[in-house]
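The primary structure of each chain is shown beneath.
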Amino acid sequence: MLEAAWSAPPTQARKRRGAVWHRTAWPGAILAAAFLALFPLKDARPVSAQADYDATRQLFLHGYLADSQQKADLGYKSFLHSEPEWSAKFQLQEAETMVWRGMYDDALRLLASYAGAPGDPELQIRRLTIEGVAFTHQEQLGVADRKLKEAEKICSNGFPAVCGEVLRARGVLEIWRGNFPAAQRLFDQSLQFASLHHDRWLEAGSLLNLGGVALREEHFDEALDWSKAAYRIAAELGAEDLAQVASGNLGWAYLRLGDTEKSLALFLEAEKRAADLGDVSAKLNWLKTAGYVYQDTGDLERASQSYRQALEISRQVNSVEDVLTSLEDLAHVSIDEGNLEDADFYLAQLVPGAVATVNRLDDLDVMLAQGRIDAARRQDQWAKELFRGVDRDPDSQTSMRMGAEHELARLLETENDSRGADAMYRTALATFEAARAELKNEDSKLPFLTNATPIYDDYVRFLVSQGKPVEALEVADRSRARTLSQGLGADPEKPAFAPATLHPEAIARSTGATLLFYWLGAKKSYLWTITPDKTAVFSLPAQAEIVPRIARYRRDLLGPEDPGESNNEDGRALYNMLVLPAARLIQPNAHVMLLTDGPLSQLNFETLLAPGPGPFGKVGAGDDATHYWIDDVAISSARSLSMLAGVKPSGGMDGKLLLLGDAVSPNPDYPELPMAASEISQIERHFSADERTVFTRQAASPEAYLGSRPAQYSYIHFVTHGVASRTDPLDSAIILSRTGSGGDSFKLHARDIIQHPIHARLVTVSACYGSGARSYAGEGLVGLSWAFLRAGAQSVIAALWEASDESTPRLMDRLYQGLENGLAPADALRQAKLALLHSHGNFRKPFFWGAFQIYTA
């Protein structure tokens with residue numbers, strides 16, 4: 001049966017158990033030809049009973065549990081007197097389906113009346129295994145152990161067709177005992193058993209189990225691999241219930257990696273599938289896990305609603321484990337809401353059950369919840385003892401330890417124990433770093449920092465409050481561009497928290513820029529302004545006050561009106577919030593380098609409305625005249641100070657150009673661009689014939705780029721469509737000409753780009769959404785621009801929104817003219833934009849010139 005999955009926001013660190021598929025089920029004769037070969041039914045048996053049983057099994061194996069249970073009950077009653085051996089098989093099928101649906105009491109009551117066929121060892125094994133799983137879920141582990149030992153004894157006499165499930169059931173029991181290594185060995189054995197007997201259904205179940213164990217052991221990369229493999233097999237078999245479990249397990253892996261958006265979509269998909277299939281236990285599980293995502297993202301009302309529904313269903317099906325977890329969840333969300341009386345109410349119901357359970361994680365979770373309540377009530381000594389108990393317990397999961405350490409750091413801070421708080425914040429971040437060091441895949445590392453963002457936020461705020469702004473800046477920078485810098489070999493993975501010692505003013509001098517480093521926080525945000533002579537820190541409003549204005553202003557920038565002409569309120573307010581505090585430290589026409597994160601990554605600072613008429617005249621009307629900030633400064637974006645430390649500015653244009661574009665449309669979704677040929681022609685004239693390599697029309701293909709040895713070019717330019725994937729940013733792609741009959745052969749994916757190192761001074765992606773559509777904590781926007789930086793480019797120009805095919809050729813022509821005249825890329829791009837802004841046509845609107853941003857590694 002699908003085991004209850006557990007989770008909580010990382011800072012609360014409640015136990016997070018991966019969903020483990022451990023229903024007792026055997027291959028039937030109706031799902032695939034392989035099953036028919038393995039388990040032929042004897043022709044001498046009654047045809048009507050055989051047909052009814054086969055139909056019942058088909059419903060079960062495809063996941064239609066309510067229908068299968070109803071049909072099994074009908075078969076049991078219909079053949080009770082005329083065909084008792086078939087009646088027994090139907091009875092077992094009904095009990096098995098009940099266990100799948102989480103109806104453990106009902107299944108055990110039904111089996112209590114089971115007469116069966118004493119001489120049929122296969123039926124005996126099935127009954128004992130079903131009972132073993134049901135008793136496991138009722139936390140009667142001693143009884144479950146005895147049942148499975150009986151089944152194993154019969155299996156020792158040689159009945160391989162059903163004994164693979166006994167292995168898996170035993171693995172599930174070991175999970176409930178907390179013996180994960182033993183469980184993994186058993187699931188490995190059941191997977192080998194499935195392979196040996198060509199049992200695809202058991203194979204899918206074993207893979208799911210292995211994924212669940214990997215989640216419990218916090219090996220998230222492995223969990224993704226196991227769960228994806230299980231999902232593929234389930235889809236091939238049409239096993240809907242297995243597919244919904246695999247979908248949910250993938251959601252768990254993504255949640256633990258910090259990708260709440262992707263995990264919520266998978267949990268809701270799994271919940272819907274479970275509801276459609278009549279799978280009560282699975283619906284309950286995914287209902288709770290969706291609540292965890294809501295709580296992670298601050299939607300406490302929806303989280304509480306999910307937990308209350310889960311508690312009601314848990315009590316209806318009498319699932320002790322699910323009742324406990326629902327009460328724990330409600331206690332934690334009540335603490336988050338500040339409702340300590342409600343939290344006490346839930347804990348009062350929880351403690352007797354948790355104390356009686358064999359699972360130590362339940363006890364630890366109660367300790368953590370009680371500690372949070374005591375801390376909120378300033379019963380500090382009790383709270384500290386509870387947090388330290390969780391932190392030191394050998395059974396604590398990494399997320400639980402990290403959460404207890406974070407809570408303890410905050411508590412010490414409130415007691416004005418600065419030294420103790422500082423040490424505990426560092427301990428919590430060291431725990432996080434050790435977990436991150438175990439990740440192997442870049443896709444997994446990208447969202448993982450989300451798990452530590454609240455700790456970083458509190459620690460940065462604490463350091464600033466202690467009068468240590470530079471140390472706070474070093475800690476904040478430690479959270480930035482980790483995956484990018486490690487991919488470039490600039491930041492070797494270390495299982496420790498050790499922020500680099502920075503020399504901010506020296507970095508400003510080496511880059512020739514004024515650096516604006518932003519930190520958006522839950523309670524307070526900060527801006528560090530770094531010039532060659534000094535570093536100053538300014539307090540900004542909390543993230544919740546800034547982010548809505550970014551969303552509204554971005555929407556207005558993409559609309560038909562010119563925000564500058566109406567003195568757009570959000571454009572002015574964002575300037576006053578984000579730039580005005582540092583304005584006196586920024587010289588006219590300075591190069592400003594932004595180091596942003598999160599929602600700020602999607603804001604074009606050039607379009608902010610500064611007060612006054614500006615050097616080229618005003619934009620807005622009346623006494624409150626404004627101008628776009630691009631009139632005052634040249635702006636580029638960087639990922640982290642530590643990466644900037646090794647960057648040297650360069651000017652002039654030398655080296656070779658690789659130019660691809662004007663591709664043949666692969667399908668109606670990506671029509672040909674009427675002005676692409678014109679843009680290519682204008683760019684070509686800035687390079688001599690022997691300095692440029694150009695691929696157009698059918699020749700402009702992904703294979704052409706990958707096979708051109710792109711590392712030899714100083715400039716790489718694409719003139720085409722682009723597509724940004726929000727759910728999988730490394731699936732973002734440049735759209736080129738199709739090669740062969742492959743479905744996506746026309747896409748140059750971000751994940752392929754990073755596999756081919758380059759040394760380009762500048763890569764320009766003259767396409768829509770080249771900057772990316774998804775911002776990750778610490779990494780900023782991840783998409784095509786990130787991929788080219790990861791591949792080794794010094795700078796990348798890419799679009800934040802849909803670039804205009806009409807204005808882009810003019811913009812790019814002026815960009816390369818500026819480079820030819822010796823300007824640095826950021827200055828050349830600014831001059832090109834100013835030419836459009838101060839023209840007299842429609843292109844003066846920021847929609848046309850504001851899309852393209854320049855990013856530096």
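The structure under discussion appears in the preceding block.
Residues numbered from 1 in each chain as written. Predicted model: local features only at pLDDT ≥ 70, side-chain atom pairs only at ≥ 80, totals over all residues. Heavy atoms only, no water.

Peer 1: How would you summarise the pairing of strand S2 (residues 525-530) if you had to cite specific residues and measurements?
Peer 2: When you tally the buried positions in S2, you get six out of six residues, the bulk of the element. Going residue by residue along S2, you find Ser525, Leu527 and Thr529 tucked away on one face and Tyr526, Trp528 and Ile530 tucked away on the opposite face as well. Strand direction decides the pairing type here: strand S1 (residues 514-519) and S2, joined by five bridges, are antiparallel. Residue pairing across strands places Leu515 opposite Ile530, the latter belonging to S2. In this structure, the hairpin formed by S1 and S2 is closed by a connection of five residues. (Buried < 20%, exposed > 50% of the residue type's maximum accessible area, 1.4 Å probe, protein only. Helix = DSSP H or I, 4+ residues; strand = E, 2+ residues; numbered from the N terminus. Pairing = 2+ DSSP bridges.)

Peer 1: Give me the lowdown on the sheet that holds strand S12 (residues 733-735), citing residues and values where you can.
Peer 2: Sheet architecture is open: three strands sit in the order S11-S12-S13, paired in antiparallel fashion. Whereas interior strands pair on both sides, the edge strands pair on one side only; in this sheet they are strand S11 (721-723) and strand S13 (747-749). If you compare each strand with its neighbour and ignore which way they point, the axes differ by 25 degrees on average. (Axes fitted to C-alpha atoms, helices over the stretch in contact; angles between N-to-C directions.)

Peer 1: Talk me through the sheet that holds S2; I want residue IDs and the actual numbers.
Peer 2: Within a sheet, each strand pairs with its neighbour through backbone hydrogen bonds, oriented either parallel or antiparallel. Spatially, eleven strands are ordered S3-S2-S1-S4-S7-S18-S17-S14-S10-S8-S9 in an open sheet, and the strand pairing comes out mixed. Where the open sheet ends on each side, the last strands, each with one partner, are strand S3 (535-540) and strand S9 (692-697). Between one strand and the next, the sheet's axes are offset by a mean angle of 20 degrees, whatever the strand orientation. Strands S1 and S2 of the sheet are contacted by helix H23 (residues 453-465), whose axis makes an angle of about 60 degrees with S2. (Contact = heavy atoms within 4.5 Å.)

Peer 1: Break down the state of the cysteines for me, citing the residues and quoting the values.
Peer 2: In the structure shown here, the tally under the stated rule is one disulfide. Residue pairing for Cys155: its cysteine sulfur links by disulfide to Cys163, the two sulfurs lying 2.0 Å apart. Across the S-S bond of Cys155 and Cys163 the torsion is about -100 degrees, and the bridge reads as left-handed. Residue Cys163 is classed as buried on the basis of its relative accessible area of 10%. (Disulfide = S-S within 2.5 Å.)

Peer 1: Break down the packing of aromatic side chains for me, citing the residues and quoting the values.
Peer 2: In this structure the tally under the stated criterion is 27 aromatic pairs. Both rings, one in Tyr575 and one in Trp629, keep their centres 6.2 Å apart while their planes meet at 75 degrees; by these two values the pair is edge-to-face. Residue Tyr575 is found in helix H28 (residues 569-578), and its partner Trp629 is found in the loop between strand S6 (626-628) and strand S7 (634-638); the two are separated by 54 residues along the sequence. Trp629 carries the same exposure label as Tyr575, and that label is buried. Geometrically, the ring pair formed by Phe847 and Phe848 is edge-to-face, given 5.1 Å between the ring centres and 85 degrees between the ring planes. Through a chain of ring-to-ring contacts, three or more aromatic side chains come together here, namely Trp252, Phe267, Trp286, Tyr292 and Tyr307. (Phe/Tyr/Trp six-rings, centres within 6.5 Å; stacked < 30°, edge-to-face > 60°.)

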